[in-house]
Amino acid sequence: MEYCRLSIAEIQDGVRQKQFSCREVVEDHLKRIEIAEPKLQAFVTVAAELALTRASSLDRDLAAGGPLRPLTGVPVAIKDNICTQGIKTTCGSRILQNYIPPYSATVVERLESAGAVIVGKTNCDEFGMGSSTENSAFGPSRNPFALDRVPGGSSGGSAVAVAAYESVGAFGSDTGGSVRTPAAFCGVLGLKPTYGRVSRYGLVAFSSSLDTIGPFARNVEDLAVLLQVIAGHDPLDMTSHRGTPDSYQSGIGASLRGHRIGVPFTLVEQGVEAEILQALRRTTEILKQLGCEIEEIALPHSGSAIDTYYLIAPCEASSNLARYDGVKYGYRTRRFSDLTDMYRRTRAEGFGPEVKRRIMLGTFALSSGYYDAYFLKASKVRTLLIRDFQNAFSQVDSILIPVAPTPAFKIGEKMSDPLAMYLTDIFTVPANLSGIPALSIPAGYSRNGLPLAVQLLGNHFQERRLLNVAYHLRQALAVNPPPLAV
Ligand code: GLN
């Protein structure tokens with residue numbers, strides 16, 4: 001039996017009926033990790049010993065009559081910028097390569113109290129800055145459908161882990177598309193929740209007004225459970241929303257009749273590869289058959305989303321990353337003459353080129369005399385984008401757009417051209433800038449066997465609705481995936 005192919009519900013049933021133990025499920029995933037990792041490099045750290053000990057203790061609890069929890073024995077992988085007490089959390093950076101957090105993120109605590117087993121920490125672009133996982137200090141992860149291609153980023157390792165059956169679910173952070181892009185490139189589901197729905201406590205800050213934590217899964221029911229476990233108010237995150245989360249599983253399967261879906265056709269038709277556009281059109285046809293009404297909408301300011309994002313995110317990052325100074329934690333240069341020299345050398349040696357580029361950009365844009373022209377202006381454009389969505393959602397229930405303009409690109413293809421890399425995010429950053437939820441949904445495969453995807457956006461706190469639409473699409477779109485490369 002291959003336990004690593006099971007869904008959460010199947011693991012629950014099997015464990016309940018004593019067909020297998022949590023330990024057997026975890027062992028099978030660790031075996032899969034051992035086989036796949038030399039080629040995929042989804043993980044920075046595999047926590048094999050901890051995972052096995054934990055699985056055994058879950059089995060003991062069950063044997064002693066303990067309750068089955070929502071994720072009992074379910075192996076999950078956590079992006080390496082989410083703090084795990086006692087397990088290295090590198091953020092894909094040399095500056096934190098030996099950092100072991102003294103506490104766990106709220107999402108990690110919630111997962112553990114729900115019975116999940118953390119199998120490891122996944123590779124990512126340094127501090128989440130990138131769209132391909134190539135900006136990791138530990139080398140790129142690889143796309144499981146084509147090893148010479150990127151898995152997307154920045155949470156590439158998490159998407160690979162789920163796509164390649166190394167874990168049942170995984171978690172990433174999404175500041176400008178970092179859950180949705182890798183989900184799209186690897187053929188799995190990836191959700192960026194509403195800002196404030198999931199606690200950011202213990203997520204290493206990149207751009208605090210945009211950062212969110214979201215789950216990856218291979219099916220909608222699993223995704224709903226993973227979201228349910230991590231959603232909800234957290235007094236440790238002052239931007240956390242106080243409202244009670246919806247019941248995400250119970251919304252799945254409801255009829256889509258009369259559901260209005262907006263598509264900004266004029267926007268989407270520019271600069272998007274033909275197969276992506278075809279997948280989007282195919283999806284709208286299926287949605288029509290399911291009873292949805294498709295309407296053309298306009299998002300007039302979305303053309304400025306990339307410029308706005310690539311000002312706001314680096315500005316906030318330049319401030320957030322000031323804490324890596326060689327004093328408080330992480331890497332410190334060996335040789336230095338005085339304090340300033342120590343700071344300078346530590347940061348020069350500890351940060352990679354993309355992080356430095358962002359710190360310089362952000363510092364420049366925030367410096368006195370430039371603030372009004374850049375950060376303030378970007379903040380105003382952000383408000384216009386938010387209004388675009390408010391207008392759109394007065395007309396439709398959800399919005400359908402691509403995730404990325406192309407399927408997974410080749411490793412190395414965009415590394416010498418930061419602007420080309422940034423343009424990967426053209427359809428993902430608007431949701432972050434406006435705080436709304438967005439879901440990357442697999443939508444078939446390209447002629448050369450690469451995953452295609454569409455993105456569904458909803459109004460604030462409409463995750464339940466997004467999951468239901470995704471469920472129907474998955475049912476209608478059931479296609480056999482091409483074989484994995486490992
Ligand atoms: N690709 C975007 C960036 O480089 C988004 C990253 C993210 O969501 N963490 O900033």
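This write-up is about the structure you can find in this document.

Conventions and cut-offs
Residues numbered from 1 in each chain as written. Predicted model: local features only at pLDDT ≥ 70, side-chain atom pairs only at ≥ 80, totals over all residues. Heavy atoms only, no water. Buried < 20%, exposed > 50% of the residue type's maximum accessible area, 1.4 Å probe, protein only. Helix = DSSP H or I, 4+ residues; strand = E, 2+ residues; numbered from the N terminus. Polar contact = N/O pair within 3.5 Å; in protein donor to acceptor, adjacent residues only side chain to side chain. 1 Å grid on protein atoms, 1.4 Å probe; cavity = no way out; pocket = protein on both sides within 12 Å on 5 of 7 lines; lining within 4 Å. Points joined across faces, edges and corners; volume = space filled by probe spheres on them. Nonpolar A, V, L, I, M, F, W, Y, C, P; charged D, E, K, R; others polar. Axes fitted to C-alpha atoms, helices over the stretch in contact; angles between N-to-C directions. Parallel < 35°, antiparallel > 145°, perpendicular 65-115°, else oblique. Left-handed = near helix turned anticlockwise from the far one by under 90°. Contact = heavy atoms within 4.5 Å. Near = heavy atom within 4 Å. Sits in = over half its atoms within 2 Å of the grid points.

**Examining helix α7 (residues 220-230)**
Because the α-helix completes a turn every 3.6 residues, residues three or four places apart line up on one side. Within α7, 9 of the 11 residues are buried, leaving the element largely enclosed by the surrounding structure. The set of residues buried in α7 consists of V220, D222, L223, A224, V225, L226, L227, V229 and I230. You can read the cap of α7 off the contacts: a side-chain oxygen lies 3.2 Å from the backbone nitrogen of E221, and it is on N219. One or two positions beyond α7, positive phi appears at G232, with a value near 130 degrees.

**Some details on empty space enclosed by the protein**
The tally for this structure, following the rule as stated, stands at 4 cavities of 30 Å³ or more. For the largest cavity, the calculated volume is near 90 Å³. Around the largest cavity, the lining comprises 16 residues; the ones closest to its centre are G130, S131, S178, Y309 and D425. Within the lining of the largest cavity, the residues separate by chemical class into 4 nonpolar, 10 polar and 2 charged. Space inside the second largest cavity adds up to approximately 50 Å³. Lining the second largest cavity are A184, F185, I276, V403, A404, T406, P407, P451, L452 and A453. Ranked by residues supplied to the lining of the second largest cavity, first place goes to strand β11 (residues 451-458) with 3 residues.

**Details of the packing of helix α10 (residues 305-320) against helix α13 (residues 372-393)**
Following both chains from N to C, one finds α10 and α13 inclined at 130 degrees, their axes separated by 9 Å at the closest point. Put simply, α10 runs oblique to α13. In this structure, α10 meets α13 at a crossing whose hand is left-handed. Residue-level contacts link A305, T308, L311, I312 and C315 of α10 to Y374, F375, A378, S379, V381, R382 and L385 of α13.

**Some points on the packing of helix α9 (residues 274-289) against helix α16 (residues 463-477)**
Relative orientation of the contacting elements α9 and α16 amounts to 105 degrees, with a least axis distance of 10 Å. Taken as axis vectors, α9 and α16 run roughly perpendicular relative to one another. Contact with α9, carried on its side by T283, I286 and L287, involves V469, L473, A476 and L477 of α16 and no other residues of that element. In the contact of α9 with α16, the residues fall into 6 nonpolar, 1 polar and no charged.

**Structural notes on the site of the ligand**
In the vicinity of the ligand lie 15 residues, with T175, G176, S178, Y309 and R358 positioned nearest. At 2.7 Å from an oxygen atom of the ligand is found a main-chain nitrogen or oxygen belonging to T175. Taking Y310, its side chain carries an N or O atom lying 3.3 Å from an oxygen atom of the ligand. Here the ligand is seated within the largest cavity. Residue composition of the shell around the ligand, grouped by class: 4 nonpolar, 8 polar and 3 charged.

**Overview of the environment of R5**
Topologically, R5 is positioned in the segment before α1 (8-16). By relative accessible area, which is 45% here, R5 ends up partly exposed. Sequence spacing of R5 and A48 is 43 residues, and the spatial spacing of their C-alpha atoms is 19 Å. The residues contacting R5, other than those within four sequence positions of it, are E10, Y165 and R218. Polar side-chain contacts of R5 include one of 3.1 Å to the side chain of E2. A distance of 3.4 Å separates the side chain of R5 from the side chain of Y165, its partner in a polar contact.

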